[in-house]
Amino acid sequence: MEMRAAYAECLAKFMEEDRHVVVLDADLAKASGTRKLYDRFPGQMFDCGVAEQDMASIAAGLASYGFKPWIESFTPFATRRICDQITISISYARQNVKIVGTDPGISAELNGGTHMSMEDIGVVRSIPGMVIFEPVDETQLRAAMPVLNAYVGPVYMRLFRKVTPDVFGPDYKFDLFKADTLREGRDLTVFVSGMFTRDVLDAAGELAAEGLDVEVINVHTIKPIDRETVIASARKTGAVLTVENHNVVGGLHSAVCEALALERIPVSAFGVQDRFGEVGKIPYLRRAMGLTKEDLLAAARRAAAAK
Amino acid sequence: MNTDLKTICKDIRCDIMTCIGHLGVGHIGGCLSIVELLAVLYFEEMNIDPAEPKKAGRDRFVCSKGHAGPAVYAALANRGYFPKSELLTLNQGGTHLPSHCDMNLTTGIDMTAGSLGQGFSCAAGIALGSKLEGDGATIYALVGDGESQEGQIWEAAMFAAAKGLSNLIGFTDYNKLQIDDTVAKVNDIAPLGDKWAAFGWNVIDVEDGNDVEQVSAAVKQAKSYRSTGRPTMVILNTVKGKGVKWIEELGAGNHNTNVNEEQAAAAIREIRGEE
């Protein structure tokens, strides 16, 4: 199932159970997969039109009145466009608003550079009080949604909206503030968030055949980062590679480096190398930005050799 | 009642002068210009209870021009939300009374504001919340004229009209001055009433927004417009720095200015009519 369809199903359940759960759009309900919910929940779905700043502050007002608003848009418009509204109306005012940005990084594909947010995690990560969560598959998303809905405080969810390869099995237990160790290893830790997680697991399998034993940890919550898990794994393997669909400035790589600043462990980065996006399908964009599976294997080998 | 309101206006003005004079600096002009509105709302019109400041279904006031915090604090203290002595802590480290309104610090403040334009959208969200709850509350929101240059004000204007938020009553403190110069010279917002009307709002133009009787009548009229299904904007033609001659005469220079305790004491005598 598409991630957005699973996401919309979860929202529908919350709205059914709690009339205080409301969803606000800025003319992208169709893209977010929630347009059809307008007929079912006319008193809980509100389209603000193309006015993201207004949407963010309206949500804060609703939250101050006891409502539990979710706001949604494409990743750049749910973050950098409304950075000040997230900062002041939502986080500084301590309002319980959930922010959902869809089509992160290169997954914006044909919308191109204007819509291809490489900086959203960096923007939101610098705002005190924010939680940043990026699901990797439908299982993790469905496990996380009720936790996010029940969590009292602002959260930014970075949502890949189409079908993703499965990473987690049916027994998956989700903890918002605990990173998930997907594979244990001795030689290198790969901390990964988002859409490249399946690729990292596949790469770890290939590297094992070469004698490189890779630990893979999914950092689904980038803020607050699970420092305990990050530091323990880095100390165990002695070498780190971060993997993300985001600029290597400001995102997961930065968060991991901050956690490991006193550890004297080499931390390498696989991600967007401080450049803007462009139009293209994902395979093209991965080639253009040095994000192919081969690039990943080479980055892992270099990262392990750095210790 | 109106005699009482006039006295209350003097009390609020004096308390603004006292706390800003004690600190030595503050957003004095835009505090003094809105005193009559605060007196009418907090002492005549709003369904509120200082003993139960977070009561469900209460009327709410959002000071979107958040830098007028000291004026709101003076009104709240006079209304009994906290002791007047607290006003002297304005902007001191650790205070509950910061320069810009903060709902998490100050008893009686309904929404955090200060980054201009945002409070007005928050008020639209609150009005939507009240409508969904069906609690009958009236939501009041004050914007500055300079603040009305923010695009977000007009996003909220569209939204409130489109969603029929007739429980939302806005006010513009139209004192015609902003930090750099007159509003007309910086980036004119005129014709202001026409703009709000074009955005689908009822508009009430108050010739003298520092005449408490005119303000009181306008708020009553605005409340009566609830049946129109549209929000209402009350444009208050005010004087920035109203009530203290030398501050009024500073013009655009009175947005944020030094006031020492001697000047404050003299201003209080002027407001009380003793000079």
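Residues numbered from 1 in each chain as written. Chains lettered and ligands numbered in written order. Predicted model: local features only at pLDDT ≥ 70, side-chain atom pairs only at ≥ 80, totals over all residues.

Peer 1: Hey, could you run me through the overall build of chain B in this one?
Peer 2: Counting secondary structure elements, chain B contains 11 helices and 7 strands. Here chain B has a C-alpha radius of gyration of 17 Å; the compact-globule value for 275 residues is 19 Å, and the two agree. Principal axes of the C-alpha set define a box for chain B whose edges measure 50 × 45 × 35 Å. Evaluated residue by residue, chain B yields a buried proportion of 56% over its 275 residues. (Helix = DSSP H or I, 4+ residues; strand = E, 2+ residues; numbered from the N terminus. Rg over C-alpha atoms; globule rule 2.2 N^0.38 Å. Buried ≥ 20, exposed ≤ 12 C-beta atoms within 10 Å, placed from the backbone.)

Peer 1: Before we go on, may I ask you to explain the overall build of chain A in this structure?
Peer 2: In terms of helices and strands, chain A carries 13 helices and 12 strands. Computed over C-alpha atoms, the radius of gyration of chain A comes to 19 Å, within 12% of the 19 Å expected from 2.2 N^0.38 for 307 residues, which places it in the range of a compact globule. For the C-alpha atoms alone, the extent of chain A along its principal axes is close to 60 × 40 × 35 Å. Residue burial in chain A is summarised as follows: out of 307 residues, 58% are buried.

Peer 1: Teacher, can you tell me more about the packing of helix α3 (residues 35-45) of chain B against helix α9 (residues 212-224) of chain B here?
Peer 2: A pair of packed helices is captured by two measures, namely the crossing angle of their axes and the spacing between those axes. Residue and element names in this part refer to chain B. Put simply, α3 and α9 touch, their axes get as near as 9 Å, and they point 55° apart. On the basis of the axis angle, α3 is oblique to α9. Both α3 and α9 take part in a crossing whose hand is right-handed. Between α3, through Glu 36, Leu 37, Ala 39, Val 40, Glu 44 and Glu 45, and α9, the contact on the second element is made entirely by Val 212, Val 215, Ser 216 and Val 219. Residues that form the contact of α3 with α9 fall into these classes: 6 nonpolar, 1 polar and 3 charged. (Axes fitted to C-alpha atoms, helices over the stretch in contact; angles between N-to-C directions. Parallel < 35°, antiparallel > 145°, perpendicular 65-115°, else oblique. Left-handed = near helix turned anticlockwise from the far one by under 90°. Contact = placed C-beta atoms within 7 Å. Nonpolar A, V, L, I, M, F, W, Y, C, P; charged D, E, K, R; others polar.)

Peer 1: How should I be thinking about the interface of chain B and chain A in this particular structure?
Peer 2: How big an interface is tends to be reported as the loss of accessible area on association of its parts. Contact with chain B, which involves 21 residues of that partner, is made by 21 residues of chain A. The set of elements that each furnish at least two residues to the side of chain B that touches chain A consists of α5 (118-133) and α6 (151-162) of chain B. Broken down by element, the residue count for the side of chain B that touches chain A peaks at 11 residues, all from α5(B).

Peer 1: What's the story with the sheet that holds strand β4 (residues 98-102) of chain A in this structure? I'm lost.
Peer 2: Strand pairing in a sheet relies on backbone hydrogen bonds, with the paired strands running either antiparallel or parallel. All names here are of chain A. The 7 strands are arranged β2-β1-β3-β4-β6-β5-β10 in an open sheet whose pairing can be described as mixed. Each of the sheet's edge strands pairs with one partner strand only, and the pair in question is β2 (45-47) and β10 (221-223). The mean angle between the axes of side-by-side strands here comes to 20°, regardless of whether they run parallel or antiparallel. Where strand β3 (residues 68-74) and β4 come together, 5 bridges link them in parallel fashion. Residue Glu 72 lies in a different strand from β4, and its bridge partner there is Val 100. (Pairing = 2+ DSSP bridges.)

Peer 1: Sorry if this is basic, but what is going on with the domain arrangement of chain A here?
Peer 2: Residue and element names in this part refer to chain A. For chain A, the domain assignment lists domain 1 (3-159) and domain 2 (180-305). Between the C-alpha centres of domain 1 and domain 2 the distance comes to 26 Å. Taken together, the contact between domain 1 and domain 2 spans 24 residues of the former and 27 residues of the latter. Grouping the constituent residues of the side of domain 1 that touches domain 2 by class yields 13 nonpolar, 6 polar and 5 charged. (Domains from an automatic or database assignment.)

Peer 1: Sorry if this is basic, but what is going on with the nonpolar core here?
Peer 2: Generally speaking, nonpolar side chains in soluble globular proteins are found buried as a group. The biggest cluster of nonpolar side chains holds 187 residues, and the ones touching the most others in it are Ala300(A), Leu38(B), Ala71(B), Ala123(B), Ala124(B) and Val234(B). Looking at which element gives the most residues to this core, the answer is helix α1 (residues 2-23) of chain B, with 9 residues. Mapped onto the domain boundaries, this core takes at least three residues apiece from domain 1 (3-159) and domain 2 (180-305) of chain A. Residues within four places of Ala123(B) in sequence aside, it is in contact with Gly61(A), Val62(B), Ser64(B), Met111(B), Ile139(B), Ala141(B) and Leu168(B). (Core = buried A, V, L, I, M, F, W, Y, C linked by C-beta atoms within 7 Å.)

Peer 1: Even after reading the chapter, I still don't get the packing of α3(B) against helix α4 (residues 69-79) of chain B, so can you show me in this structure?
Peer 2: Residues and elements named next belong to chain B. At a minimum axis distance of 10 Å, the contact between α3 and α4 shows a crossing angle of 35°. Relative to α4, the crossing made by α3 is right-handed. Together, Val 35, Leu 38, Tyr 42 and Phe 43 of α3 and Ala 71, Val 72, Ala 75 and Arg 79 of α4 make up the contact between the two elements.

Peer 1: Before we go on, may I ask you to explain the environment of Pro76(A) in this structure?
Peer 2: Residue and element names in this part refer to chain A. One can find Pro 76 in helix α5 (residues 75-78). With 24 C-beta atoms packed within 10 Å, Pro 76 lands in the buried category. Sequence separation between Pro 76 and Leu 182 is 106 residues; the distance between their C-alpha atoms is 30 Å. Look past the residues within four positions of Pro 76 in its chain and what remains in contact with it is Arg 81, His 115, Ser 117 and Asp 120.

Peer 1: Looking at this structure, how should I read the environment of Ala108(A)?
Peer 2: By the secondary structure assignment, Ala108(A) is in the loop between β4 and α7 (120-125). Aside from chain neighbours lying at most four places away, what touches Ala108(A) is Asp103(A), His115(A), Met116(A) and Gly277(A).

Peer 1: How should the environment of Ala156(B) be read in this particular structure?
Peer 2: Mapped onto the elements of the fold, Ala156(B) is located in helix α6. Taking the number of C-beta atoms within 10 Å as the measure of exposure, Ala156(B) has 36 and is therefore buried. Put simply, Ala156(B) and Tyr140(B) are 16 residues apart on the chain and 14 Å apart in space, counted from C-alpha to C-alpha. When sequence neighbours within four positions are dropped, the list of residues in contact with Ala156(B) reads Asp54(A), Phe120(B), Ser121(B) and Ala124(B).

Peer 1: What's the story with the confidence of the model for chain B in this structure? I'm lost.
Peer 2: Caution is warranted with low-pLDDT regions, since their predicted coordinates should not be read in detail. On average, chain B scores 97 in pLDDT, and the residues at 70 or more come to 99%. At the level of chain-chain contacts, confidence expressed as ipTM amounts to 0.96, with global pTM at 0.97. (pLDDT = per-residue confidence, 0-100.)

Peer 1: Quick question: what am I supposed to make of the sheet that holds strand β12 (residues 267-272) of chain A here?
Peer 2: All names here are of chain A. Strands sit in the order β7-β9-β8-β11-β12 across an open sheet of 5 strands; the sheet is mixed. Unpaired on one side and paired on the other, β7 (180-183) and β12 mark the two borders of the sheet. Sheet twist, expressed as the mean angle between neighbouring strand axes with direction ignored, is 25°. Inspection of the sheet shows β7 paired to strand β9 (residues 214-218) by 3 bridges, in the antiparallel sense. Note that in β9 the partner of Arg 183 across the bridge is Val 216.

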